[in-house]
Structures are given as C-alpha cells and as structure tokens.
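A look at the structure
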Amino acid sequence: MSHDPLYEMVIGLEVHAQMRTRSKIFCGCSTTFGAEANTQICPVCAAFPGVLPVLNTELVQMAIKTGLAVHGKIREKSEFSRKNYFYPDLPAGYQISQFELPIIEQGELTIERDDGSHKRIGITRIHMEVDAGKSLHEGIQGASWIDLNRTGTPLLEIVSEPDLSTPQEAGAYLKKLRAILRYLQVCDGNMEEGSLRCDANVSVRRHGHTKLGTRTELKNLNSIRNVMRAIEYEANRQIDILESGGSIVQETRLWDANINASRPMRNKEEAHDYRYFPEPDLPPLVITQQRIDAVAQHLPELPDAKRQRFVRDLGLSEYDAGVLTATREMAMFFEESVQQGAHPKTAANWISVELLGRLNRENLEIEQSKVSPNHLGRLITLIQNNEISGKIAKQVFDIMFETGANPETIVQEHGLKQVSDTGAIESIIAQVLADNPQQVQQYREGKTKVMGFLVGQVMKATQGKANPTAVNAILQDKLTG
Amino acid sequence: MTLVQAASLLRTRQISAQELTTAFLERIQRLNPIINAFITVDHEGAMQAAKQADARLNNGTATPMTGIPIGVKDLFCTENLTTTCGSKMLAQFRPPYESTVTRKLKEAGAVILGKTNMDEFAMGSSNETSFFGPVKNPWDISRIPGGSSGGSAAALAAQLALATIGSDTGGSIRQPAALTGITGLKPTYGRVSRSGMIAFASSLDQAGPMAWSAADAAMVLHTIAGYDPLDSTSIQADVPDYVNALATRMDGIRIGIPTEYRPDNLNAEIQKALTEAEQTFRDLGASLVPISLPHTRYAIPTYYIIAPAEASSNLARYDGIRFGYRCDDPKDLKDMYTRSRNEGFGAEVKRRIMLGTYVLSSGYYDAYYRKAQKVRRLIADDFHQAFQHVDLILTPTTPTTAFPLGDKIDDPIAMYLSDLFTISVNLAGLPAMSIPCGADQLGLPIGMQMIAPILKEDKLLSAAHAFQTATPWHQRKPEP
Ligand SMILES: [Zn+2]
C-alpha cells in the first residue's frame, strides 16, 4: 500500500443492485436491458396524472432472500418514502425509496483478506427503491432526449458499515457481495452495464484515533478496479491535505478513470433538500415470519457454506474450494462434473488448471465453455476406468475444448482407447524385449532403472494407448521371471 | 325526477336512455352557459353510451345504473376525453387510460354526459380557483356553489344530471353538497379506488357520489365501491348492498352530538336547522348523546400541513416534459420547469405547493409534518373513542350558507375555515355524508353532516334515507 502508514482509512460502500425481476417495481413493464428508447414505458412509470404504484411481490421475495443471505434482520413492517427532486429522467419528481424503515437492517458478510485471515463487514441496511431513467445529451444541438425504459427498474441499495480499512478489503467486499447476489440469481452484477453500482465513502484518521475524519463520497466507479483505485487516490489526497495543515471538505467527488483522479461535483449537481416523507400511495409493507421461513427454505447454498462443504466433505484444498465457489457458474460446473462420477479432487484439478487455463488464455467465461460439465465429468470417468491415460485425456480435452464433442466419440473416432488387453500388451512387450537385449541384460544385472526406458518403448509402440499399470506389471514379470 | 325513479322508467321502457340523455344534453346546452358546471360536455360519447344502454335495457343485461345520465368531476381520467383537473396545466390533456371509478360506471351502463367543473387540482372551497371560470350556485347565481366539487354539486342542483361523482379531500363533496341542497357522500378512505383519479393529497382523497337522495347515492356508491388491485390503499372488503340496507326507522340508533361542532358563534339559522333535525331523529326512534371530540380544533392546521405536503410532491410531475402545459421557447431546463409551472398553475395551487415544500424541508419536517401526523392520530382516536358509545355523529356541514362570489377569494384563511366541520373526517379516514336539513331566510340550503365508523356507509345511508323519508328538504329545488 502506498499511503502513509501513520494513517488508516475508514471506508463504507453503498451498492445499488438492479434486481432481475421480470417486470418493473411498480408496473407491469418489462425490465429487459437494451430495448429501443421509450418502448418499455406505461402511464405508471412515466408518472402520468392519477396513476398509482403497485409493489412487485417478486422484488420483495428477492429482498428477503438477499437479507437472509447476509444474515440481516427483516423488518416485520417497513415503509416506502418519497425522495423529492426535479430531474427530467425522474418523471414523478420524486423517487420512491425506503428511508426511515428499510426492509432489512443489521446484516453482515465475511471477507477474506490478502493474508488469508477473515474479517466481518457489517451491513447497516438494505432497502428497495426505484431506478431513474436516462438523459441522453447527444444528437441535436441544444436538445436533450430522455429514455424512460430504465425508470421503475427495481434496485436494492445495500449500505455497509464503515468497517473496511483498505482498498483491497473494499474490493473483496464487492466481490463477495456480487457473488452472493449472483448465487441468489437476483442481480447480474455487471458493473460495466450498471446493473451493479457502487459509491464509496472515504475518510482517514491517524492510527489509534477513534474519532472519524471528515468523509467524502466517491461516485462514478464502474468497476471493482476503479473502486479500489479511487479509494486509494482519495485517501492519499486527504492525507496530503491533512499533512499540509489543511482540512477535508465534505463533498461528493466524481472519479475519472481516464486520468486516474477525482474532481468535486459541482454544487448544482448535489445540494438537494430531498424532503423525504412516507409514500402515501403505498401502505406499510408487512412481512410475516411465515413468509420469511418460506423464502429461507428455498434459499440456495451460498458461497461460504459451499466452500466449507467442498473442503469438509469432498476433501478439496481451501484454495481449490475458494476458486470453485468464486462464482455460482463455476460451482455449478464443478458439481455437475462430480455428478458424472468424477473424483472431486480430480475434477477440481481439471477445472482449475486445464479448463480455466484455456478459458483465461482465450478470454472466455466459464458460461461460454464448449466443454460442458457433463462431458468433463465423463472424460475424468474414462481416466478413472482405465479407458484412457491421463496423457491421452489431455489430447481428448483439447478436441473437446475446440469442438464441444463428447469424450467417448472423440476417443472412438481417434482410436485413443487405452489397450488393457494383456495378450496384446504381452506380444508388444515380447517384441520390445527382443529388440533391446542389451537393456534386458542390464536390468538383470541390477540396473533396474532401465525399466523406465523399456516402459517408454512399449508406450511408444502403442502410441501411448497401453495401460501403464498393465505394462509395468507384465514387464516386471517377464524380466524377473 | 330522482335516479331511482329514472331507473324504474328505463327498466319498464317508458323512456329510452337516448331520450333521457337528449333531454339532459339539451338542458345542459341551455343552462351551462349560466351555471358553468361542466368544463367538457361529451355529446357524442353520451349519445353513443345511451344507444348501448338501450340495447342492454332491451336484451336484459342492464344494471340499475344502465342509461342513467351522470356528470363526473374533471379529475377522473377518462380515456380520450379531455381531463383538465380545472387547470391550465392540463387544459389539453387527453388521458390514454380510464379511472377505475369511470370504468365501473361505464361497465354498469351509466351515460357520462361530461366532466364537471372544479377548483384547480381540487384546491379550493368555492370553485373560484378553476382555470375555466367559477361555477355559479343555481340557488343564487351571485353566490358560490362551494368546492372543490362545485361543478358536480351545481350540475345536480340545476338538474343537469341525475347523479354526479365528486371527490373529497377536506370536505370537497360535503361542503358543496350542503351549499347547493343536495346529498353528498364521502366514503371511508380506501372504499373507492383512487386509480386514475388525479391526486391532490393521496392520504386524504376519496371519490364519492353526489345525488338528490340517499337512495340515489346508495345506488351510485354500490357501483363504484370495492377493492381495486390498481390502488394499494383500497380496502379489501366486500361491498354490501347499500340499497337493500336502507331503512325508514332509526330505533336503537345512538347519535352523538359533539360539543366542539356547535360553537357559540355558529350561524343561528344553521343552529336552528340542526336542532330541528335532532328532533326528527328522535321522532324516528334514535337517541341523542352528547359527546366530545377534543382535538377538533387542531384539525385545520393539521390538514393544512399534511394536504399541501402531499400535494407539493404529487404536483411535481407537472414539469412540462411529458404531458400538460409547456411554456413557449424555454431557454434551458430550469427555465422550462419554472415558467411551465409558473404559467400553468394558478395562485392557490402555487400557494399550497410552497406551503407543502416548506413543511417538508429539512429542519422543519419534525416540527410540522411529523407533528401533524401525530395529531392526525389523536383526531382519529377521538372518533374511535366516540364510536364506542354512539353509532353515528351529527354535526353541521358548513359554518355558513353559500357566500357571494369574490367574498373570500382574497382571504385564504377565511376560505380554509369554511371546511371547519368536514376536515377531521378526512384526517380520520371515516365515511360521512351531507344531506339537506333546512334553508336560511334567503332560501339558501343548509346541510347537516353525519359521520359513521370505518366502512359503515350502509348505516350512514340508512340514517340519511330515514331522515329523507320524514322530511322534504332534499326535494327542494331552485327555481329554473
Ligand atoms: Zn411501466
């Protein structure tokens, strides 16, 4: 870390996660991303006179799921509020959000630090709110266009406690949170497309001090990398100011990834008095314990639990378990391979070394892999059943990676099946021994290491298809017999 | 002719819906230029609806409302029919959707003659804040009809419709009903859907019927009431048969008389009319019980914090961008917002937006809005306590009879006080009615208000019906 060791950072993150509900938060419009401008709107989300919001129950389910996943307290009674301000992409002139009584409070998640230790990060609150539309300032000179397709898309705002102390911890927190949201299938977690957005509150203080310093809020952080870089930059900026006798101005700053620096937002862009008050069009949201229990029953296994199970029950190393539970897709791939009969450790190895190696080289995600988990599991089973050797399996895997064909067909078509027929192996061995009388003599004189050479000759003669165990056993037999 | 009588004539085919509609349209054509009760008259739509009503009356699919010509306050959105809310802001607004109230009326076969005049965005007590000009009281055209549902009230009093729909946020059905001598019912908050009804103050607004009699009002309420999935604040409760519940006696009914609603300076004629009404109720078998509603005096200040607060937010959507009035040649975004709103809204609307913005602003929220919500609960508790002992509460509807046009328009506080007796009911979410119970020396109508517990509209209508069976006041009509 480059910042002054006399100081420590105090970081809190506010994450906005777009929920993958089929329809918008208060109307029946579709939430599909990328549709033609203003094709996914109706009188409700365009805030025409007299229309009323009706809360999407699918969103409430997703919020409960998320709350349970971070061990939060789900309020029996929460309420919606209006946050009032004028902006063209906010058609009602107010954003419906939760203010005084959010649906979830007091959650937490655990991150792993670079040194392998764990740290608990508090989650102050999670609340539901509606996304705004987009203003487009391109095209005709002097005119702006408004696309209201995104207006009414449901968001969860997830606010952490200021428990994070380094940019690395902030990155780990975001990755963990994103993994959880993806495991729950409630959010795409795509920061570039904006389905996951993050603002950071940063302050610094001298080590040993308990009083919090003045904080600034960083916006426009559209990747985890940018979040980390912006925090680093901001902490250094604040330390420089303090060290030169200045004081920090509480402000909102915009990160510019192109120049690796932030600038204060113009006052006009902030300084709102939001005039929050309870939304009179929506009654308080009441969630019964029964409803929470029903959601809890269908909660998928989450990254931490999965990882522990992989170590405990499947005998994986902490490291492999960590790699394989990093995303829901990866974990699913692994588990499906194992279901085909592949030994867990072998499967873990094949996925983390061979498959991820190839995918990384070609810049692909695991969802884009032509090798299906089913096929990979079957390939490993072929090795386990001595039908092919590990070496041949790598050839088969390469073909699978290119073509997506199943391993049995590849083995068949390319004649790669392992020869375990002792008769066939015996005749090849007899030939090899006849061709190499000198080595046979050496072996019998005690130079047993020529065994390796002889095995190699047999494998060469069979193009690697002979079962190595059988070759070893028969050779041993012939040479000593 | 009452709605019930007309329904009977239609059912027995002694008159056709088209004949009835034509007669009302002709009368509107003759009298509306004087009264100004309608902003929009939908000749074509009404005749079309009447034709369809006749078909239903002939093929046996008619409801009691089929073929009944009605007027609808111009804040209920009607698909493709201009809905102005009495404002320049929406003078050209043709909604692409139908309010639940008008949809239900249309489905029942009612004939919507047009959209009735109102105070701008329902903000006013005299119907003088309408962009489309004031409505005249048919009893004396130099006087106001009350507001904000002044057009709906005057249309009935001038017999331009058989029933009308109004909305009531602080008395906007009951006060004009009293001042024009008709029957008006504000249902329990949530009894009638607010979907498609242009919002003034969301936690107080409620649609209701205005009619010549309690029996007529019962029929209309039965048509428009009920849970609506489009309105999350509507109540999930069955709709009783209000018409069948009407009684002519009131034996065993206890009527509470709150001392706070009989101030010493109450207009003597109104005082006298109420005393006579009390005697009528006794004669009908009811007993009168003095009660107290101690927080009454806080109702007006509480209302004038909560209603403008909600209005300031509800009216933020009128920004000149997607619909409604937009100023000419805006220089930039801020100029467009400022001038569109400044030119599109009238003085009273702007006054309430400013008031509401102020009470919600940071630093003032706790002192005003939060405190007002607490007082609101105390006011509701008063009623709850009282209804442990009585079935209904009887009060005057208004402190005065209809006042002259221009009398109070420049004095907002005096204007706000004309809702003195009606506002608590909205804050408590209760159903209440105003029915005629007398006349002053000038012959101007006097109304009384009856208040019932939540969802007891049937009790309310029944008491009103019994009273109207025993008295002639609701049959008085102004000279043509
Ligand atoms: Zn929509």
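Everything quoted here is computed from the prediction, not taken from an experiment.

Quick notes on the coordination of the zinc ion
Residues and elements named next belong to chain A. Bound to the zinc ion on the protein side are Cys27 (SG), Cys29 (SG), Cys42 (SG) and Cys45 (SG), at distances that span 2.3 to 2.4 Å. Around the zinc ion sit four donor atoms; with metal-centred angles ranging over 100 to 114°, the donor geometry is tetrahedral. Counting residues between consecutive donors of the zinc ion along the chain gives the motif C-x1-C-x12-C-x2-C. Residue class for Cys45 comes out buried when judged on its relative accessible area of 8%.

Looking at empty space enclosed by the protein
Leftover empty space is mapped by rolling, across the atoms, a probe with the size of a water molecule. Residue and element names in this part refer to chain A. Taken as a whole and assessed by the stated rule, the structure comprises four cavities of 30 Å³ or more. Of the pockets and cavities examined, the largest cavity occupies roughly 280 Å³. The wall of the largest cavity is formed by 24 residues, among which Phe26, Val44, Cys45, Ala92 and Ile96 lie closest to the centre. For the lining of the largest cavity, the leading source of residues is strand 5 (residues 94-97), giving three residues. Residues of the lining of the largest cavity, tallied by class, amount to 16 nonpolar, three polar and five charged.

Quick notes on the packing of aromatic side chains
By the definition in use, this model includes 26 aromatic pairs over all chains. Seen from their ring centres, B:Tyr358 and B:Tyr368 are 5.8 Å apart, and the 50° between their planes marks the pair as tilted. Of the two residues, B:Tyr358 sits in helix 11 (residues 347-360) while B:Tyr368 sits in helix 12 (residues 366-386), which places them ten residues apart along the sequence. A residue is classified by how much of its surface remains accessible, and B:Tyr358, at 37% relative accessible area, is partly exposed. An aromatic cluster of three or more residues is present, and its members are A:Phe48, B:Phe93, B:Tyr97, B:Phe121, B:Tyr318, B:Phe323 and B:Phe345. Residue placement shows A:Lys83 over the ring face of A:Tyr274; its charged tip is 4.4 Å from the ring centre.

Description of a positive patch on the surface
On the surface, A:Lys77, B:Lys371, B:Lys374 and B:Arg377 cluster together to form a positively charged patch. Tracing the backbone through its elements, the reader meets A:Lys77 in strand 3 (residues 77-78). Note on A:Lys77: relative accessible area 47%, which makes it partly exposed.

Section: unusual backbone geometry
Residues and elements named next belong to chain B. Here the bond from Gly147 into Ser148 is cis, since omega is 10°, no more than 30 degrees from zero. Position of Ser148 among the secondary structure elements: in the loop between strand 3 (111-116) and helix 5 (150-157). A positive phi is found at Arg13, a non-glycine position, where the angle reads about 60°. The residue Arg13 is located in the loop between helix 1 (3-11) and helix 2 (17-35) in this model. Classification of Arg13 by relative accessible area gives partly exposed; the value is 32%.

What to know about the nonpolar core
By size, the foremost hydrophobic cluster in this structure holds 148 residues, and its most contacted members are B:Met65, B:Phe121, B:Phe281, B:Phe383 and B:Leu461. Among the elements that line this core, the one with the most residues is helix 9 (residues 299-314) of chain B, at nine residues. Apart from the residues within four sequence positions on either side, B:Met65 is in contact with B:Leu3, B:Ile70, B:Leu105, B:Ala108, B:Gly109, B:Ala110, B:Met219, B:Val220 and B:Thr223. By size, the runner-up hydrophobic cluster in this structure holds 68 residues, among which are A:Ala17, A:Cys187, A:Leu282 and A:Ile287.

Some details on the sheet that holds strand 1 (residues 38-41) of chain B
All names here are of chain B. Ordered by their spatial adjacency, eleven strands build an open sheet running 1-3-2-4-6-5-10-11-9-7-8, and the pairing between neighbours is mixed. Taken across any chain shown, the strands that pair with only one partner, and hence form the sheet edges, are strand 1 and strand 8 (287-291). Adjacent strand axes in the sheet meet at a mean angle of 30°, parallel and antiparallel pairs treated alike. Here strand 9 (residues 392-396) runs beside strand 11 (residues 445-451); their pairing, made up of four bridges, is antiparallel. Each residue of the ladder has a partner; that of Ile393, found in strand 11, is Ile451. Contacts between helix 7 (residues 214-224) and the sheet are confined to strand 4 (163-168), strand 5 (183-186), strand 6 (206-211) and strand 10 (432-439), with strand 6 contributing the most and set at about 145° to the helix.

Overview of helix 2 of chain B
All names here are of chain B. Maximal helix bending in helix 2 amounts to about 40°, located at Gln29; proline Pro33 follows within four positions. Taken together, the buried positions of helix 2 are occupied by Ala17, Leu20, Thr21, Phe24, Leu25, Arg27, Ile28, Leu31, Asn32 and Ile35. In this structure, the buried side of helix 2 is in contact with helix 1, strand 1, helix 3 (43-59), strand 2 (69-73), strand 3 and helix 5. Immediately beyond the C-terminal end of helix 2, within one or two residues, lies Asn36, with a positive phi of roughly 65°.

Focus: the domain arrangement of chain A
Residues and elements named next belong to chain A. Split by domain assignment, chain A resolves into domain 1 (7-294), domain 2 (301-413) and domain 3 (422-480). For domain 1 and domain 2, the distance between their C-alpha centroids amounts to 36 Å. Taken together, the contact pairs ten residues of domain 1 with eleven residues of domain 2. Surface buried jointly by domain 1 and domain 2 totals about 840 Å² across both partners, of which 58% is contributed by carbon and sulfur atoms. By the criterion of area lost to domain 2, the three top residues of domain 1 are Lys176, Arg182 and Tyr183, representing 60% of everything that side buries. Linking domain 1 with domain 2 are two salt bridges, by the criterion used here.

Remarks on the sheet that holds strand 10 (residues 154-160) of chain A
By definition, the strands of a sheet pair up through backbone hydrogen bonds, in either a parallel or an antiparallel sense. Residues and elements named next belong to chain A. The nine strands lie next to each other as 2-6-7-10-1-11-12-13-14, forming an open sheet whose pairing is mixed. Each edge of the sheet is formed by a strand with only one pairing partner; in this case those strands are strand 2 (73-74) and strand 14 (261-264). Where strand 12 (residues 216-221) lies against strand 13 (residues 252-256), three bridges are found, and the strand directions are parallel. Bridge pairing in strand 13 places Lys219 opposite Leu254. In the packing of helix 3 (residues 224-243) onto the sheet, contacts are made with strand 1 (7-18), strand 11 (196-206), strand 12, strand 13 and strand 14, and the angle to strand 11 comes to roughly 25°.

Focus on the confidence of the model for chain B
The predicted structure's coordinates, where accompanied by low pLDDT, should not be read in detail. Of the residues in chain B, 100% have a pLDDT of 70 or more, and the chain-wide mean is 95. Confidence estimates for the predicted assembly give a pTM of 0.88 and an ipTM of 0.94.

With respect to the packing of helix 8 (residues 344-361) of chain A against helix 9 (residues 373-384) of chain A
Residue and element names in this part refer to chain A. Running from N to C, helix 8 and helix 9 point in directions that differ by 125°, and their axes come no closer than 10 Å. Judged on the interaxial angle alone, helix 9 and helix 8 are oblique. With respect to the hand of their crossing, helix 8 and helix 9 are arranged in right-handed fashion. Where helix 8 approaches helix 9, its residues Thr346, Ala347, Trp350 and Ile351 are matched on the opposing element by Leu376, Leu379, Ile380, Ile383 and Gln384. When grouped by side-chain class, the residues that make up the contact of helix 8 with helix 9 number seven nonpolar, two polar and no charged.

A look at the side chain of B:Thr83
All names here are of chain B. Here Thr83 is to be found in the loop between strand 2 and helix 4 (100-107). You can call Thr83 buried: its relative accessible area is 0%. Looking at Thr83, its side chain comes within polar contact range of the side chain of Thr78, at 3.2 Å. Among residues more than four places away in sequence, those in contact with Thr83 are Asp74, Leu75, Phe76, Cys77, Thr78, Leu90, Phe93, Pro95, Lys115 and Ile198.

How each quantity is defined
Residues numbered from 1 in each chain as written. Chains lettered and ligands numbered in written order. Predicted model: local features only at pLDDT ≥ 70, side-chain atom pairs only at ≥ 80, totals over all residues. Heavy atoms only, no water. Donors = N, O, S within 2.8 Å, 3.2 Å for Na, K, Ca; no water. Tetrahedral: all angles 85-135°; square planar, octahedral: opposite > 155°, others 65-115°. Buried < 20%, exposed > 50% of the residue type's maximum accessible area, 1.4 Å probe, protein only. 1 Å grid on protein atoms, 1.4 Å probe; cavity = no way out; pocket = protein on both sides within 12 Å on 5 of 7 lines; lining within 4 Å. Points joined across faces, edges and corners; volume = space filled by probe spheres on them. Helix = DSSP H or I, 4+ residues; strand = E, 2+ residues; numbered from the N terminus. Nonpolar A, V, L, I, M, F, W, Y, C, P; charged D, E, K, R; others polar. Phe/Tyr/Trp six-rings, centres within 6.5 Å; stacked < 30°, edge-to-face > 60°. Lys NZ or Arg CZ within 6 Å of the ring centre and 35° of its normal. Patch = residues over 30% accessible without salt bridge, like charges linked within 9 Å, V, L, I, M, F, W, Y side chains within 5 Å. Areas by Shrake-Rupley, 256 points an atom, 1.4 Å probe, with all protein chains shown as cover. Salt bridge = Lys/Arg side-chain N within 4 Å of Asp/Glu carboxyl O. Lys, Arg positive; Asp, Glu negative; His and termini not counted. Charge placed at Lys NZ, Arg CZ, Asp CG, Glu CD. Core = buried A, V, L, I, M, F, W, Y, C linked by side-chain atoms within 4.5 Å. Contact = heavy atoms within 4.5 Å. Pairing = 2+ DSSP bridges. Axes fitted to C-alpha atoms, helices over the stretch in contact; angles between N-to-C directions. Bend = angle between axes of the 7 residues up to and from the residue. Domains from an automatic or database assignment. Buried area = accessible area lost by both parts, 1.4 Å probe. pLDDT = per-residue confidence, 0-100. Parallel < 35°, antiparallel > 145°, perpendicular 65-115°, else oblique. Left-handed = near helix turned anticlockwise from the far one by under 90°. Polar contact = N/O pair within 3.5 Å; in protein donor to acceptor, adjacent residues only side chain to side chain.

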